[in-house]
Each structure stands twice: as structure tokens, then as C-alpha cells.
Amino acid sequence: MPRLLLTNAVLATMQPAGGAYGLVPDGAVVIADGRIAWCGRRADRPASFNGIESIDLGGRLVTPGLIDCHTHLVFGGNRAREFELRLQGASYEQIAREGGGINATVVATRAASEDELLAAALPRVDALLAEGVATLEIKSGYGLSIEDELKILRVARRIGEVRAVRVLTSYLAAHAVPPEFKGRPEDYLDAVVLPGMATAHARGLIDAVDGFCEGIAFSPAQIGRVFAKARALGLPVKLHAEQLSNLGGAALVARHRGLSADHLEYLDDQGVAAMAGAGTVAVLLPGAFYTLRETQVPPVDSLRANAVHMAVATDSNPGTSPLTSLLLAMNMAATLFRLTPEEALAGTTRNAARALGLSDAGTIAAGSRADLAVWDVAHPAELSYRLGFNPLHRRIFAGAFQ
Ligand code: DI6
Ligand code: FE
């Protein structure tokens, strides 16, 4: 069994019972077969690990490998032109209603081959990995036909084969009503979203089901139909909720014991209470808040007071968050939403794992996967503090230095 000892490290284990950051100042980690066999204070290392290959990390900080739990990074084209229009005064909703926005990306994504989509996505993936990301969620939602949704999901799975990253997929056909079903959302659900879900699931392409509950997208009743089908198939659910308005999406996904409710700028107290009761994670997406120049911040104080777990993700997408830096998302979560640096790091480790339903990632703990990030920083607050600087020293994926 290949074993490796990492020594002379400051561990931010992010174990909830471990005090601030779960910090172990003079720490060591034993890796065996891609998993963490032991971690703790260097002085406490059991004698049974004597004599194994050892690497001195020079006092560097080690965190769990980062987890980006909400991305839409497989798509064709880009929306720089729409960016210009918005700078001239057009609103995101206006552009969407006029056939731009999500539907512009749908046209470009449908026109792209699987290889082209993969080639376009990999630079975005590589930017995330260069910042210590080990686990990545990728949504469909720019195909909006059964074949095109399957194409995106296959590309997402291929990303996990051609790069050292763990990919989880979410089926987001309920993202927008495509032009051929304009004004007929129920028909779109019947003809595409629901049967496509069954097909994608049968092919092993879906880990969870997502939706966009919004005036410009789907109503709570329509999302309810999507969730009923997901649960019949045994798939966990999550939801884009309360991003542009409050339709009660967070309470809806909580009623379905959903993994997460995402965005949440317009979340109210009832929604917070429902999420707290169901253990549904609040995924905060400050990149979209920033890009849309939103002014209403998610109710972080109330989420905190009600012990709702908060995650932070890039929402990497061509329209509202053309962002491929999880460190910048952490900085924005702190500066724009007032998360503490510790909450921001928990949001891209422990709580992001929870948002994906993973129990073997997101903390440095015996039994977890040995997905780790080694940083050239002295204190974990530095990860949220800087803008546009990447202090990653090395990434360790499934026990192997990358
Ligand atoms: N909310 C978002 O911010 C993205 N999707 C969603 O449901 C935006 C997607 C896009 O504009 O392309
Ligand atoms: Fe999103």
C-alpha cells in the first residue's frame, strides 16, 4: 500500500470541533492509498508510521482541496457583447426577454460538438485547479433539448477523466424555456425536462437535479414537478432560488430535503427557517451579485443566527458570473456579504462538500480522500484577503502531488 507522510505543515483541518479553522500549528498527515490515514500534531504521530516516505512542507499551510459546488462551466461561445449592452443600460432580465441571455448561450452550445465544448471548458477548469480546487460541480442547462443536455453532461463527465478533479453533475434542463417552446413551459417540461432526466439518469450522467425558480424561468409549481420526478428517480435536488425576486424557492427545495438553495439575495425569514429545519445548505454566489451590480445582499446574519450552513461558489457561467477564481469568490463573500475569512474557507471546503452530499471531502480527517491544497501563506485568512493573487504551492489529488 503506497504511503506518504506530509510533515512540518500548518493544517487548517476545517473540522467543526477543532476551534478556529481546525488549526493544527505543527501538523502532519499520513496518506495511504489515496486517503488520509492519520492527521494531527507532528509530535503525536503513531510509531507505526515511522520509516515511511516523508515530505517536509516547510511550515506551509495545508487546507482540504477546495470545492466549487456551483458552476455552469460547459457552454459554447461567450457573452462579451451582452456585457457591453448592460454597460449601456440594458438590464439582465430585459436582455433575457428579448432572446439574449441564457438563450444566446443555448444557440452557441447547440452548435458546438462535444470535443469543442470540452476544449472550451478545459481552460476554465484549469484556472480553478490552479487555485487548489479538487472537486467541481458542473450543471447542464445550456442545451435545453434532450440530446444537447446529454451532450453537456457527457462533457462534464469527460472533464473528470482528462483532469485530476472529481466532477459531480447536476441536471439543469429547467434553466430556461427554449425558443421552440416559448410561452409553453409545461409542454417543455413534458417533452424535454422530465423524459430527459430519466434518460440522463439511466446513462449514469446525473448526480443531482437543479432548477431556476424565477419570473424569467420556472414557477414554484413547475419546479415542484421537476423535483417530484427527481425524487421518483432517487436523485437529490437543489435550486437557484430567490436570486432576482422572492418566489419561495428556498422553502420549496427545503420541503424536498434539498441539498442546497443557491443565490438567495431575496431570501426571507420563512425561507431561512425552512432551510434550517431541512439542513439545506445556503450556497452564496457573490460573482453573480457583483456582475449584476445587485444591491440586495443575502441575509447572512439570519442564516448564521439560524445555523444554516453557508457555502461559497463561483457560479462560473457566461452571463452573470464569468468567474473562474474560487479565491476571488471567497474574497467577494467576505467583502460584499461580510462572511468571515473562516466562513469563506468553510464555504469552499466543509460546507461545499455538504452542499454536494459528500461526506468524504471538505475536511482534513482520517478516512477522508487525500485531496489537499498546500499554500505559500502563513495564516488561512490570507486566502480570502487578497484579490487576484494565487498563493497555491502544490495540489494533492487522491494522495498524489499534481
Ligand atoms: N442564475 C444565474 O445566475 C445563471 N443561471 C441562473 O439560473 C445565469 C445563466 C446565464 O445568464 O447564462
Ligand atoms: Fe447558477
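Here, every reference points to the structure presented above.
Description of the structure in this document. (Residues numbered from 1 in each chain as written. Chains lettered and ligands numbered in written order. Predicted model: local features only at pLDDT ≥ 70, side-chain atom pairs only at ≥ 80, totals over all residues. Heavy atoms only, no water.)

1. Some thoughts on empty space enclosed by the protein
Applying the stated criterion to the full structure yields four cavities of 30 Å³ or more. Empty space within the largest cavity amounts to approximately 110 Å³. If you go around the largest cavity, you meet 14 residues; those closest to its centre are His72, Tyr92, His175, Asn317 and Thr320. Each residue belonging to the lining of the largest cavity can be placed in one class, and the counts come to four nonpolar, eight polar and two charged. The wall of the second largest cavity is formed by Pro64, Gly65, Ile67, Ala134, Thr135, Asp360, Ala361, Gly362, Thr363, Ser368, Arg369 and Asp371. Residue classes in the lining of the second largest cavity are distributed as four nonpolar, five polar and three charged. (1 Å grid on protein atoms, 1.4 Å probe; cavity = no way out; pocket = protein on both sides within 12 Å on 5 of 7 lines; lining within 4 Å. Points joined across faces, edges and corners; volume = space filled by probe spheres on them. Nonpolar A, V, L, I, M, F, W, Y, C, P; charged D, E, K, R; others polar.)

2. Examining the sheet that holds strand β15 (residues 400-401)
An order of β3-β2-β1-β4-β13-β14-β15 is seen for the seven strands of this open sheet, with the pairing classed as mixed. Strands with a single pairing partner mark the edges of an open sheet, and in this sheet they are β3 (35-41) and β15. As paired strands, strand β4 (residues 54-64) and strand β13 (residues 372-375) are joined by four bridges and run antiparallel to one another. Note on β13: the bridge partner recorded for leucine 61 is tryptophan 375. (Pairing = 2+ DSSP bridges. Helix = DSSP H or I, 4+ residues; strand = E, 2+ residues; numbered from the N terminus.)

3. Quick look at the pairing of β3
In the sheet, strand β2 (residues 23-32) pairs with β3 via six bridges, with the strands oriented antiparallel. Bridge pairing in β3 links isoleucine 31 to isoleucine 36. Hairpin connection from β2 to β3: two residues lie between these consecutive antiparallel strands, with aspartate 33 at a positive phi of about 55°.

4. Re the side chain of glutamine 243
Along the chain, glutamine 243 falls in the loop between β9 (238-241) and α8 (249-255). Relative accessible area serves as the criterion here: at 6%, glutamine 243 is assigned to the buried category. Contact partners of glutamine 243, with chain neighbours within four places excluded, come to Phe212, Glu214, His263, Leu264, Glu265, Tyr266, Ala288, Leu292 and Glu294. (Buried < 20%, exposed > 50% of the residue type's maximum accessible area, 1.4 Å probe, protein only. Contact = heavy atoms within 4.5 Å.)

5. Brief notes about the coordination of the iron ion (ligand 2)
Around the iron ion (ligand 2), the donor atoms from the protein are His70 (NE2), His72 (NE2), His240 (NE2) and Asp315 (OD), and they sit 2.0 to 2.2 Å away. One can describe the site at the iron ion (ligand 2) as irregular: its four donor atoms subtend angles covering 81 to 169° at the metal. We note that the donor set of the iron ion (ligand 2) lies within a single chain, spaced as H-x1-H-x167-H-x74-D. Remark: aspartate 315 occurs in the loop between β12 (310-312) and α12 (326-337) and histidine 240 occurs in strand β9; sequence separation between them is 75 residues. Across this residue pair, the class does not change: histidine 240 and aspartate 315 are buried. (Donors = N, O, S within 2.8 Å, 3.2 Å for Na, K, Ca; no water. Tetrahedral: all angles 85-135°; square planar, octahedral: opposite > 155°, others 65-115°.)

6. Some remarks on the sheet that holds β9
Here we have four strands laid out as an open sheet, ordered β9-β10-β11-β12, and parallel in their pairing. Each having just a single partner strand, β9 and β12 make up the two edges of the open sheet. Looking at each pair of strands side by side, their axes are set apart by 25° on average, direction ignored. Pairing of β9 with strand β10 (residues 260-263), which is carried by four bridges, proceeds in the parallel orientation. Paired with histidine 240 across the two strands is aspartate 262, which belongs to β10. (Axes fitted to C-alpha atoms, helices over the stretch in contact; angles between N-to-C directions.)

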